[in-house]
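Chain by chain, the residues:
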Amino acid sequence: MFSKGPSLIVRLLVLTVLSVALMVVDARFMLLKPVRSQMSLLLMQAYWVTDLPQRLYQGVASQFGSRTELIAENEKLKTEALLLQGRLQKLAALTEQNVRLRELLNSSTLVNEKVEVAELIGVDPNPFTHRILINKGERDGVSLGQPVLDARGLMGQVVELMPYTSRVLLLTDSTHSIPVQVNRNGLRAIASGTGNPERLELRHVADTADIKEGDLLVSSGLGQRFPAGYPVAMVKEVIHDSGQPFAIVRAVPTAALNRSRYVLLVFSDSRTPEQRAAEAAQAEEGGAVATPAAAPAGSAPAAATPAPSTPAGTAQPTHSGAHPATSTPATTVPATSTHPASTPAATQPHGTSSTARPAHTAPTTPEGAH
């Protein structure tokens, strides 16, 4: 009922021989190349259709995954940009600070007095007073009335002391005045604050005074509060009114009162001129005393020349003539013992010391007489 076909072994052998024959023909004669090309086109379509689900899955996953990665990378880049901007701002601040410190250092080299750098740490919130707070106080040697300046000129003076901080009254405060002089001709005046950080006024300046716009005002040193010669302001405006005895003179402070962060505290010499003169005289006197002390002993004969003029009425002339070097062994020094002419009267110019020595040798006189 059912017919038997070829066995499996026979089929395998037939297929094997057919495969070998096709490979030999394809390799030797290139007859199957068009067939292979057509088959590859058909198989490529089949591969594309079978691979479509996987590619769709990978595309969707990459879309969502890349968006998440982009969001994370964007956040990371924003954070890095913010950090770099902060560092850049800090670098800019450090650069400006370096410039200010260099200016301050350059100005301190022009100052003869001892100076110390201080930092501004506070400003008085009262708009009607111009005061600042610095980070140096009584523990740092700051004193009341001590001058304060920046890289461009005088700023003010210390008016309040605390252990570690101090308050400085600025030049432009309405209660502050400073004696100044025109650097060009030495004309003296008083510069007073106006409450405006950009303006000073010179009061009671004669209308005929030799002062003009652009003149530099420096501290005159009068009042012994501010050292002389420091820049204070620059004359900005001079108004002459024929009906008024005084001219109106306005000036701009040379110091950056509302911009300076670092200031210099000036430690001037607190000694009076008399004290300095006395100390200088003492130093010269000390040098003069030290010079004769180092003189050689050979200069003793010059001082001993008045010895022959001593009175002969002194006690025992025979002893002084017989033993010129041993008449007063307790009072002579080894440096003068080598010169016979050096009598006690010559070595002691004062008469009191020469009359006191024969009293010690008086008991020997009667024995010589007897």
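Residues numbered from 1 in each chain as written. Predicted model: local features only at pLDDT ≥ 70, side-chain atom pairs only at ≥ 80, totals over all residues. Heavy atoms only, no water.

A. Region of the structure containing the overall build of the protein. In terms of regular secondary structure, the protein is built from 9 helices and 12 strands. Summing over all exposed atoms, the protein offers an accessible surface of approximately 25500 Å²; the carbon and sulfur share of this is 61%. (Helix = DSSP H or I, 4+ residues; strand = E, 2+ residues; numbered from the N terminus. Areas by Shrake-Rupley, 256 points an atom, 1.4 Å probe, with all protein chains shown as cover.)

B. Region of the structure containing the sheet that holds strand S5 (residues 166-170). The strand order S1-S2-S5-S4-S3-S12 describes a closed barrel built from 6 strands, whose pairing is antiparallel. Each strand of the sheet is rotated relative to its neighbour by a mean of 45 degrees, with strand direction disregarded. Bridge count for strand S1 (residues 114-123) against strand S2 (residues 131-134) is 3 bridges, and the pairing is antiparallel. What sits directly across from Gly 122, in S2, is Leu 133. (Pairing = 2+ DSSP bridges. Axes fitted to C-alpha atoms, helices over the stretch in contact; angles between N-to-C directions.)

C. Spotlight on the pairing of S2. Examined bridge by bridge, S2 and S5 share 4 bridges and lie antiparallel to one another. In the sheet register, Leu 133 faces S5, and the bridge partner there is Arg 167.

D. Fine view of the pattern of salt bridges. Tallied over the full model, the rule gives 7 salt bridges. A salt bridge links Arg 167 to Glu 160, with the shortest nitrogen-to-oxygen separation between them at 3.4 Å. Between Arg 184 and Asp 210 there is a salt bridge, with the nearest N and O atoms lying 3.2 Å from each other. One end of the pair, Arg 184, is in the loop between strand S6 (177-182) and strand S7 (188-193); the other, Asp 210, is in the loop between strand S8 (200-206) and strand S9 (216-219), with 26 residues separating them in the sequence. Judged by its relative accessible area of 40%, Arg 184 is partly exposed. (Salt bridge = Lys/Arg side-chain N within 4 Å of Asp/Glu carboxyl O. Buried < 20%, exposed > 50% of the residue type's maximum accessible area, 1.4 Å probe, protein only.)

E. Examining the environment of Arg 188 more closely. As for its placement among the helices and strands, Arg 188 is situated in strand S7. Residues Arg 188 and Val 218, 30 residues apart in the sequence, show an inter-C-alpha distance of 9.6 Å. When near neighbours in sequence (up to four residues on either side) are disregarded, Arg 188 contacts Val 180, Gln 181 and Leu 222. (Contact = heavy atoms within 4.5 Å.)

F. Expanded view of the nonpolar core. Core analysis: the biggest nonpolar cluster contains 24 residues, and Leu 154, Ile 178, Leu 202, Ile 211, Leu 217 and Val 232 have the highest contact counts within it. If you list the elements that add at least two residues to this core, you get S6, S7, S8, strand S10 (231-239), strand S11 (246-253) and strand S12 (262-267). Among the nonpolar cores identified, the runner-up in size contains 15 residues, and Ala 118, Met 155, Leu 170 and Phe 267 belong to it. (Core = buried A, V, L, I, M, F, W, Y, C linked by side-chain atoms within 4.5 Å.)

G. Region of interest: the confidence of the model for the protein. Summary statistics for the protein give a mean pLDDT of 74 and a share of 68% for residues scoring 70 or more. Every residue in residues 290-370 is under pLDDT 50, and counting partners more than four places away or in other chains gives 33 contacts. (pLDDT = per-residue confidence, 0-100.)

H. How the structure looks around helix H1 (residues 8-29). Along its 22 residues, H1 runs 31 Å from first to last C-alpha, staying within 8% of the 32 Å computed at 1.5 Å per residue. The buried fraction of H1 is low, at 0 of 22 residues. (Expected span 1.5 Å × (residues − 1).)

I. Geometry of the side chain of Asp 215. Relative to the assigned elements, Asp 215 resides in the loop between S8 and S9. Under the relative-accessibility criterion, Asp 215 is labelled buried at 5%. Only 2.9 Å separates the side chain of Asp 215 from the side chain of Arg 184, close enough to count as a polar contact. Of note is the side chain of Asp 215, whose polar atom sits 2.9 Å from the backbone nitrogen of Lys 212. In contact with Asp 215, other than residues within four places in its own chain, are Val 182, Arg 184, Ala 233, Met 234 and Val 235. (Polar contact = N/O pair within 3.5 Å; in protein donor to acceptor, adjacent residues only side chain to side chain.)

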